[in-house]
Amino acid sequence: MKIAVIGGGPGGLYFALLTKKRMPDCNIEIYEQNRPDDTFGFGVVFSDETLDEFFSADPQSYEMIKESFAYWSDIVIERDGEGTVIGGNGFAGCSRKTLLQLLQRRCSEEGIPIHFEEMVDVADFETRFADSDIILLANGINSPMRAKYEAEFGVKTEERRNYFTWMGSTRPLDAFTFFFQKTEHGHFCAHTYQYEEGRSTWVIETTPECWEASGFAKMSENEAARYLEKVFEKDLDGHGLITNRSIWRRFPVIACERWSHKNMVMLGDIKATAHWSIGSGTKLAMECAIALSDAIVDNPDDVDAAFAAYEAERRTPVEITQHNAAVSLRWFEDMPLHWNKARYEFAFSVMSRAKSVTWDNLKLRDERFLERAESEFYERYGKATGREVSKNRPTPMFTPFDLRGITVANRVAMAPMAQYCAEEGRLTDWHYTHYWARALGGAGLIFTEMTCPTAEARITPGCTGLWSDEQEADFTHLVSLVHQTPAKIALQLGHAGRKGSTKTPAVGMDMPLDNGNWPIFSASPIPYIEGVSDTPAELDRAQMDAIRDSFVASAERGVRAGFDMLELHCAHGYLLASFLSPLTNQRTDAYGGDARARAKFPLEVFEAIHAIWPDDRPMSVRLSSSDWAPGGLELDDLEVIARLFKDAGVDIIHCSSGETVKWQKPVFGRMWQTPFAEFVKQRVDIPTIAVGDITLPEQVNTIVAAARADLCALARPHLNNPFWTRQAAGHYGVREVAGEQLGWPEQLRSGEYQLYREAEKVNEKALDLALKARPNRRHYLQAQN
């Protein structure tokens, strides 16, 4: 086999080394346009887990590289003259130049030719390497080869907001340190770490507003460095900044639908970039090099199979890393929103920004830091509510939350989940069991499934409704059951719109009924599934009035039934959501156009309900924060819409997303919609509910402690375990909050002791296992010894 590697960065070198070791007869040559000692940038950083992978793949290169590593276990967050230390992390940094030289040496030892100062012309590279079985494209973000085959690779590029520049310094550092500074023009953050003795990396970023106001557009590289030396004068401690092609750039997020084309395959940030705020660029390249090498060694006679195996192995980890990196970079883009947070709240938010570090994880890393963050949270909470919770320290998720005249006992809500088993809109025994079990299980707030104000508003014949006296009696009974527990219950009202008159998911999700259909409506006459769904009628003024009035009538029944709270469903492509999204609202009247105009009818419905809803009972609205589709809702739209609802009197916003169009492409992952809740909470200054793959108690604590949301709505975890919240209380040993017991029903008292004892046993075993294999410590301790 013959392989041509275009690009002699860490990924290309490492792939060639690993493959040649195991396939000595393979002819591999590397073509690099720069000289052997050229490098741009300063240091690279790896976590302890990544070092484990490198050791397993090639112990020789690992042993060579580790002698050059600078190790540290602390992260320091410097802001307003205060340095907050978080221990137990464990990273290693080294010079990028050193890393390249060591990998070059290992390639030479394995007999791999490296052609330096060898420019490969995009016009004829396929002809030049026509005799190669594989052409490995590893020549970076600006690869002309990828640009040539942009359509074939399915390249998507998004340039993010913040500007950044990569510099160095002689300032010694004993920890990975974030230096935050605020000037008259705005906010800066320097991401810094020492990569060898006497040298540290300084990646400095700022918002576009601050970059423009500071005048960087007219500065030379040297002038920018001198300016930044003044910004970070105290942090540099007498040292200067060093430049090396330190131009200002915006980070390009690159993703490709396909990583190979014909006999070409991509490796490194040519195919997928991940923001450097989670230290992942070189890491991803080298991890992908391991997987690609494995795939080729396993399939030496079938290049297509090798490429397929490589992509199957690495696509999901790469996309997860990209998603976490996107969340992380968003935090830094929103620096001004976080700036006024208290010291430990700010530090906790920085540490947990990418979602991989959680409450329990931080306790394992640095228990003292978490204790301080927790104490500060209780102090803020006490000042805001008058409740003393610092003595029994219930964790943030078990602190009560006030909304108008009600108090939710904890921060856990059962999310609305359609059960599709109503009969003529009426509740069945299943519904009573479903809701009451979760209330008994400890959830602070129970949401009903989307309940419809008329029969024509339903999604399916199995959906619940609230348009008749019988239905009102059903819900009155349900509310009385829930109120036998400490839980509160919210009525969610919604209209299916163009997604109505369909079969239940069990027999054909989103498919039109075979018979017995009812008329469907939307903001515009656009079917949900082209060629399958019925085309909805565009609502006229009379129909809008009738639908508004039907919502009011249902809300009045909800008042009489005794619901504690009402939520208006304006998400997931249903009727009111169809007005909010530009993908489903193409009206040319006063109800179409910009975000403010598109929100007009949903606001009319909300305001009409608000007028009859009791003042002491809160109201919420559920929004689709993004359509996850080109041309759909953007964050700027979300801010406008959220502000309008806040001004109309909404008390809390439930931040969901998607389901607007069938061709959406959401990026799933743990707590994947929480950034929307944080955006609305911080930007609009209103309480929010986070929802979406929140599955663990530590995630709830993380979200609340970092001020990303005020309540967390869990769906599937509650389906699997009605007693999820009580078991979380057992996990944290919480029996009472602010002097009040958690409210175990007398019939369940005999199980209370066992729950807490079993939780203690599980926690002891988990802690023991975690300490034996404590993450991010092994290589650091080895280096110290």
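Conventions used here
Counting starts from 1 at the beginning of each chain's written sequence and moves along it residue by residue. It should be noted that, the model being predicted, local features are given only for residues of pLDDT at least 70 and side-chain atom pairs only at 80 or more, the latter also being counted only at that level, while totals for whole chains, interfaces and linings use all residues. Only hydrogens and water are removed before side-chain values are computed, so all heavy atoms of the structure are retained for them. Counting from the N terminus, the helices are the DSSP runs of H or I reaching at least four residues and the strands are the DSSP runs of E reaching at least two. Only C-alpha atoms enter the radius of gyration; for comparison, a globular chain is expected to reach 2.2 Å times N to the power 0.38, where N is the number of residues. Relative accessibility under 20% of the residue-type maximum defines a buried residue, over 50% an exposed one, and the middle range a partly exposed one, all with a 1.4 Å probe and only protein chains included. For this analysis, residues touch if any pair of their heavy atoms sits within 4.5 Å. Computed with a 1.4 Å probe, the accessible areas rest on the Shrake-Rupley method; for each residue, only the protein chains presented here act as cover. Each Phe, Tyr or Trp ring (for Trp, its six-membered ring) is paired with any other whose centre lies within 6.5 Å, and the angle between the two planes then decides the class: stacked below 30 degrees, edge-to-face above 60, tilted in between. Pairing between two strands is assigned when DSSP locates at least 2 bridges connecting them. Simply put, an axis is a line fit to the C-alpha atoms, just over the touching stretch for a helix, and the angle between two N-to-C directions goes from 0 to 180 degrees. By the criterion used throughout, a crossover qualifies as right-handed when its path from the first strand across the helix to the second strand runs clockwise, the strands pointing away from the viewer. In plain words, nonpolar cores are sets of buried Ala, Val, Leu, Ile, Met, Phe, Trp, Tyr and Cys residues tied together by side-chain atoms within 4.5 Å. Only four residue types enter the charge count, namely Lys and Arg as positive and Asp and Glu as negative; His and the chain termini do not. Only one rule defines a salt bridge in this text: a Lys or Arg side-chain nitrogen within 4 Å of an Asp or Glu carboxyl oxygen. Scored from 0 to 100, pLDDT records how confident the predictor is in each individual residue. Geometric relationships in this document are graded by angle, where less than 35 degrees denotes roughly parallel, more than 145 denotes roughly antiparallel, 65 to 115 denotes roughly perpendicular, and other angles denote oblique. With the far helix as reference, a near helix turned anticlockwise by less than a right angle produces a left-handed crossing, and one turned clockwise produces a right-handed crossing. Only Asp, Glu, Lys and Arg are considered charged, only Ala, Val, Leu, Ile, Met, Phe, Trp, Tyr, Cys and Pro nonpolar, and every remaining residue, Gly among them, polar. What qualifies as a polar contact is a pair of N or O atoms within 3.5 Å, subject to a donor-acceptor requirement within protein and to the restriction that residues adjacent in sequence count only when both atoms come from side chains. Here the expected length of a helix is defined as 1.5 Å per residue gap, with one fewer gap than residues.

1. So, the overall build of the protein
Okay, so step 1: Helix and strand counts for the protein come out as 30 helices and 31 strands.
Okay, so step 2: In terms of overall size, the protein behaves like a compact globule, its C-alpha atoms giving a radius of gyration of 29 Å where 785 residues would be expected to give roughly 28 Å.
Okay, so step 3: C-alpha extents for the protein along the principal axes are approximately 85 × 60 × 55 Å.
Okay, so step 4: For the protein, the residues scored as buried account for 59% of the 785 residues in total.
Okay, so step 5: A separation of at least 24 residues holds for 72% of the contacts in the protein among residues at least 6 apart in sequence.
Okay, so step 6: A total accessible area of about 31100 Å² is found for the protein, and carbon and sulfur atoms account for 48% of it.

2. Examining the packing of aromatic side chains
Okay, so step 1: All chains considered together, the criterion is met by 35 aromatic pairs.
Okay, so step 2: Considering the side-chain rings of W72 and Y193, the 5.9 Å spacing of their centres and the 25 degrees angle between planes classify their relative orientation as stacked. With W72 in strand β4 (residues 70-72) and Y193 in strand β12 (residues 186-196), this residue pair connects regions lying 121 residues apart in the sequence.
Okay, so step 3: With relative accessibility at 3%, the residue W72 sits in the buried group.
Okay, so step 4: Ring geometry for F176 versus Y193: centroids 5.7 Å apart, planes at 15 degrees, classification stacked.

3. Details of the environment of G87
Okay, so step 1: Within the element layout of this structure, G87 appears in the loop between β6 (82-86) and β7 (91-95).
Okay, so step 2: In this structure, the C-alpha to C-alpha distance between G87 and F180, residues 93 residues apart in sequence, is 19 Å.
Okay, so step 3: Leaving out residues up to four positions away in the same chain, G87 has contacts with S73, D74, R365 and D366.

4. With respect to the sheet that holds β4
Okay, so step 1: Taken together, 3 strands build an open sheet; the order of strands is β3-β7-β4 and the sheet is antiparallel. Two strands bound the open sheet, and with one partner strand each, they are β3 (43-47) and β4. Neighbour-to-neighbour, the strand axes of the sheet open up by a mean angle of 25 degrees, direction not taken into account.
Okay, so step 2: Where β3 and β7 come together, 5 bridges link them in antiparallel fashion. In the strand pairing of β7, G43 is matched with S95.
Okay, so step 3: Strands β3 and β7 of the sheet are contacted by helix α4 (residues 96-109), whose axis makes an angle of about 80 degrees with β7.

5. Structural notes on the pairing of strand β1 (residues 2-6)
Okay, so step 1: For β1, a buried count of 4 out of 5 residues is recorded, marking the element as mostly surrounded by other parts of the structure.
Okay, so step 2: As defined by bridge partners, β1 adjoins strand β2 (residues 27-31) across 5 bridges and the pair is classed as parallel. In the sheet register, I3 faces β2, and the bridge partner there is I28.
Okay, so step 3: The handedness of the β1 to β2 crossover, carried by helix α1 (residues 10-22), is right-handed.
Okay, so step 4: Bridge analysis of β1 against strand β9 (residues 134-137) gives 4 bridges, and the strand direction is parallel. Paired with V5 across the strands is L136, a residue of β9.

6. Let's talk about the nonpolar core
Okay, so step 1: Membership of the largest hydrophobic core comes to 127 residues, with the highest contact counts inside it found for I77 and F180.
Okay, so step 2: If sequence neighbours within four positions are ignored, F180 has contacts with I77, E78, R79, F188, C189, W331, F332, M335, W339, F346 and V350.

7. Some thoughts on the side chain of D235
Okay, so step 1: If you trace the backbone, D235 turns up in helix α10 (residues 233-236).
Okay, so step 2: For the buried residue D235, which engages in no salt bridge, the nearest side chain bearing the opposite charge is R171, 6.2 Å off.

8. Details of the pairing of strand β28 (residues 688-691)
Okay, so step 1: The two faces of β28 match: T688 and A690 on one face and I689 and V691 on the other face are all buried.
Okay, so step 2: Pairing analysis gives 3 bridges linking strand β27 (residues 652-656) to β28, with the strands arranged parallel. Following the sheet pairing, I653 is matched in β28 by T688.
Okay, so step 3: Read as a crossover between parallel neighbours, the route from β27 over helix α25 (residues 674-684) to β28 is right-handed.
Okay, so step 4: Both β28 and strand β29 (residues 711-714) contribute to a ladder of 3 bridges, which runs parallel. Paired with I689 across the strands is L711, a residue of β29.

9. Side note on the environment of M414
Okay, so step 1: Inspection of the secondary structure puts M414 in strand β20 (residues 412-414).
Okay, so step 2: Non-local contacts of M414, meaning those with residues more than four positions away in its chain, are made with H434, Y435, R438, A443, L445, I446, F447, L714 and H718.

10. Examining the sheet that holds strand β25 (residues 565-570)
Okay, so step 1: Judged by pairing direction, the barrel is parallel, and its 8 strands sit side by side in the order β20-β21-β22-β25-β26-β27-β28-β29 before closing back on the first. Averaged over all neighbouring strand pairs, the angle between strand axes comes to 25 degrees, with direction disregarded.
Okay, so step 2: The pairing of β20 with β29 spans 3 bridges and is parallel. Following the sheet pairing, A413 is matched in β29 by A713.

11. Considerations on the confidence of the model for the protein
Okay, so step 1: For the protein, per-residue confidence averages 93 on the pLDDT scale, and 96% of positions sit at 70 or higher.
Okay, so step 2: Between residues 773-785, whose pLDDT stays under 50, and residues either more than four places distant or in other chains, the model counts 32 contacts.

12. Focus on the packing of helix α24 (residues 635-648) against α25
Okay, so step 1: Between α24 and α25, whose axes approach to 10 Å, the crossing angle comes to 60 degrees. Considering their axes alone, α24 and α25 lie oblique with respect to each other. Note that α24 runs across α25; the crossing there is right-handed. Between α24 and α25, the contacting residues are L635, L638, E639, A642, R643 and K646 on the first element and F676, F679, V680, R683 and V684 on the second.
Okay, so step 2: Considered class by class, the residues forming the contact of α24 with α25 number 7 nonpolar, no polar and 4 charged.

13. Details of the side chain of H654
Okay, so step 1: Within the secondary structure, H654 sits in strand β27.
Okay, so step 2: Looking at H654, the relative accessible area reads 0%, which means it is buried.
Okay, so step 3: At 3.0 Å, the side chain of H654 forms a polar contact with the side chain of E567.
Okay, so step 4: With residues up to four places along the chain from it excluded, the contact list for H654 reads P416, F447, E567, V621, R622, L623, I689, V691 and A713.

14. A closer look at the pattern of salt bridges
Okay, so step 1: Inspection of every chain in the model, using the stated rule, returns 44 salt bridges.
Okay, so step 2: With a shortest N-O distance of 2.9 Å, D469 and R557 are connected by a salt bridge. Placement of D469 in helix α18 (residues 469-482) and of R557 in helix α20 (residues 541-561) is noted, with a sequence separation of 88 residues between them.
Okay, so step 3: Measuring nitrogen to oxygen at the nearest pair gives 3.7 Å for the salt bridge that ties D637 to R598. Linking D637 in helix α24 with R598 in helix α22 (residues 595-598), this pair joins segments that are 39 residues apart in sequence. In this pair, the class of D637 matches that of R598, namely buried.

15. As for helix α11 (residues 281-298)
Okay, so step 1: For α11, spanning 18 residues, the distance from its first C-alpha to its last is 26 Å, which sits close to the expected 26 Å at 1.5 Å a residue.
Okay, so step 2: Counting buried positions along α11 yields 13 of 18 residues, so the element is predominantly enclosed.

16. Examining unusual backbone geometry
Okay, so step 1: With phi around 55 degrees, D80 is a residue other than glycine that occupies positive phi space.
Okay, so step 2: With relative accessibility at 56%, the residue D80 sits in the exposed group.
Okay, so step 3: In the Ramachandran plot, K262 falls in the positive-phi region, its phi being about 55 degrees despite a non-glycine side chain.
Okay, so step 4: With respect to the secondary-structure elements, K262 resides in the loop between β16 (260-261) and β17 (264-266).

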